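Report on the structure
Each chain is listed here by its residues.
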Amino acid sequence: MIRVVFFAGLREALGDSVEVAHDESITTVEDLIARLIELNGDGWAAELNASHVLIAVNQEMTTRLALVADSDEVAFFPPVTGG
């Protein structure tokens with residue numbers, strides 16, 4: 001299973017977290033996003049395909065091209081500003 005967590009506005013729109021069964025069709029974050037949209041609909045597409053969404057795999061910042069494996073944690077969140 002791949003654990004997917006959401007933060008800030010994405011958490012409000014999509015919930016805290018979901019688990020996705022890992023299989024050979026999910027090798028990258030992009031594949032995972034496609035599966036999440038397939039399972040949950042177009043509302044998720046709008047949220048996850050936004051250009052400003054940041055991604056971390058196992059708490060390391062990365063891109064949609066990053067590899068994912070069984071037991072990974074993938075986090076999605078909007079940019080954070082301080083001040």
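No experiment lies behind these values; they were computed from the predicted model shown.

Points about the pattern of salt bridges
- Under the defined criterion, the tally for this structure stands at four salt bridges.
- A salt bridge links arginine 11 to aspartate 16; the nearest nitrogen and oxygen atoms lie 3.1 Å apart.
- For aspartate 16, a relative accessible area of 48% translates into the label partly exposed.
- Of the charged contacts in the structure, one is a salt bridge between arginine 64 and glutamate 30, with a shortest N-O distance of 3.8 Å. With arginine 64 in the loop between β4 (60–62) and β5 (73–77) and glutamate 30 in helix α2 (residues 29–40), this pair connects stretches of sequence that are 34 residues apart.
- For glutamate 30, a relative accessible area of 35% puts it in the partly exposed group.

Details of the sheet that holds β4
- Strand order in this open sheet of five strands is β2-β1-β5-β3-β4, and the pairing throughout is mixed. Edge positions in the open sheet fall to β2 (17–20) and β4, since each of these has one partner strand only. Put simply, the sheet's adjacent strands are angled 25 degrees from each other on average, direction ignored.
- Pairing of strand β3 (residues 54–57) with β4, which is carried by three bridges, proceeds in the antiparallel orientation. Its bridge partner being in β4, alanine 56 is matched across the sheet by methionine 61.

What counts and how
- Residues numbered from 1 in each chain as written.
- Predicted model: local features only at pLDDT ≥ 70, side-chain atom pairs only at ≥ 80, totals over all residues.
- Heavy atoms only, no water.
- Salt bridge = Lys/Arg side-chain N within 4 Å of Asp/Glu carboxyl O.
- Buried < 20%, exposed > 50% of the residue type's maximum accessible area, 1.4 Å probe, protein only.
- Helix = DSSP H or I, 4+ residues; strand = E, 2+ residues; numbered from the N terminus.
- Pairing = 2+ DSSP bridges.
- Axes fitted to C-alpha atoms, helices over the stretch in contact; angles between N-to-C directions.

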